[in-house]
Each structure stands twice: as C-alpha cells, then as structure tokens.
Amino acid sequence: MHELSIAMSIVEMASEEAERHAPERVTAVHLKLGQLSGVVKEALLSAFELAREQSPLAECALVIDEVPITVACCRCGVERPVVSWQEFRCAICGEPAEDIVHGRELEVSALELQP
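A brief structural summary. None of these values were measured; they are calculated from a predicted model. (Residues numbered from 1 in each chain as written. Predicted model: local features only at pLDDT ≥ 70, side-chain atom pairs only at ≥ 80, totals over all residues. Heavy atoms only, no water.)

1. Overview of the sheet that holds strand β6 (residues 106–114)
For step 1, the next point in the chain: Here we have 3 strands laid out as an open sheet, ordered β2-β1-β6, and mixed in their pairing. Strands at the two margins of the open sheet, each flanked by one partner only, are β2 (61–67) and β6. When the angles between neighbouring strand axes are averaged without regard to direction, this sheet yields 20 degrees.
For step 2, the next point in the chain: Bridge count between strand β1 (residues 25–34) and β6: 8 bridges; the pairing is antiparallel. Within β6, the position partnered with Val 29 by the bridge is Leu 111. (Pairing = 2+ DSSP bridges. Helix = DSSP H or I, 4+ residues; strand = E, 2+ residues; numbered from the N terminus. Axes fitted to C-alpha atoms, helices over the stretch in contact; angles between N-to-C directions.)

This is the structure in structure tokens:
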C-alpha cells in the first residue's frame, strides 16, 4: 500500500511548513490527484487519517482535487479530454492522442493555515 508512504510524506511536508509559520497550524492540505497517478483516492484518504495521528496535523483535512486526463489534440489544436482512461483519443474529434497534458498529477497545491 504505497498510499501510506505518500500520506506520511504529505504529513511530514505539511508539518515542516507549519513549523515555519508557527504559531499557525495547518487545517487542510489540498492535493491535485491525476487519474493516471497510480494512487487510489479512497486509499490515500484512509492512509492520511492514519499518518496524521500523533502529529501536529491530527485535526487536518486532506482535500483532493481529482484531475481528469487531457491531451493535446493535433487535429483540434487545443487541449481536450479523452474518450476514457482506456481509450486515449480526443473526445471531440476522435484523433488518437500523442501527448498527455494532465492526469499524472500528484502534488500538494495549497495548505490552509489558521492561527
């Protein structure tokens, strides 16, 4: 379950940032999670609950923003969603996708701090 190690890394990073902004505390961690990241959202949420216990983030929430898969469509000339995560074709014109633009994200995008 690699989600636990990811959750522990998020807690460690957020705890370090909270120390820099003391006496404020982190009330929420916002995470961008792409559909192709290889991370299961529900497993990460559960692992985060375990990882935050006995830490300065014991009351912190993990807010996950799911990022859909988008590709650079050569025919349309713009970023478009794919038909499905199994079929990497432009959802508008059906052109096979060459470049994935979004969907692999696994990044902390923001921390909410409160005094």
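2. Regarding the packing of helix α1 (residues 2–20) against helix α2 (residues 41–52)
For step 1, the next point in the chain: Two numbers describe how α1 lies on α2: the axes approach to 8 Å, and their chain directions differ by 50 degrees. Of the possible angle classes, the one that applies to α1 and α2 is oblique. Crossing geometry of α1 relative to α2 is assigned as right-handed. Counting all contacts with α1, which are made through Glu 3, Leu 4, Ile 6, Ala 7, Met 8, Ile 10 and Val 11, the residues of α2 involved are Ala 43, Leu 44, Ala 47, Phe 48, Ala 51 and Arg 52.
For step 2, the next point in the chain: Looking at the contact of α1 with α2 residue by residue, the class counts come to 11 nonpolar, no polar and 2 charged. (Parallel < 35°, antiparallel > 145°, perpendicular 65-115°, else oblique. Left-handed = near helix turned anticlockwise from the far one by under 90°. Contact = heavy atoms within 4.5 Å. Nonpolar A, V, L, I, M, F, W, Y, C, P; charged D, E, K, R; others polar.)

3. Things to note about the nonpolar core
Soluble globular proteins: nonpolar side chains tend toward being buried together.
For step 1, the next point in the chain: Core analysis: the largest hydrophobic core is formed by 19 residues, its most contacted members being Val 29, Leu 44, Phe 48 and Leu 62.
For step 2, the next point in the chain: When contributions to this core are tallied by element, the ones reaching two or more residues are α1, β1, α2 and β2.
For step 3, the next point in the chain: The dominant element in this core, judged by the number of residues it contributes, is α1, at 6 residues. (Core = buried A, V, L, I, M, F, W, Y, C linked by side-chain atoms within 4.5 Å. Buried < 20%, exposed > 50% of the residue type's maximum accessible area, 1.4 Å probe, protein only.)

4. Topic: the side chain of Ser 15
For step 1, the next point in the chain: Here Ser 15 shows up in helix α1.
For step 2, the next point in the chain: Polar side-chain contacts of Ser 15 include one of 2.8 Å to the backbone oxygen of Val 11. (Polar contact = N/O pair within 3.5 Å; in protein donor to acceptor, adjacent residues only side chain to side chain.)

5. A word on unusual backbone geometry
For step 1, the next point in the chain: Across the junction of Ala 22 and Pro 23, the peptide omega takes the value 15 degrees, indicating a cis bond.
For step 2, the next point in the chain: With respect to the secondary-structure elements, Pro 23 resides in the loop between α1 and β1.
For step 3, the next point in the chain: Positive phi values are uncommon outside glycine, yet Gln 54 reaches one of about 60 degrees.
For step 4, the next point in the chain: Mapping Gln 54 onto the fold places it in the loop between α2 and β2.

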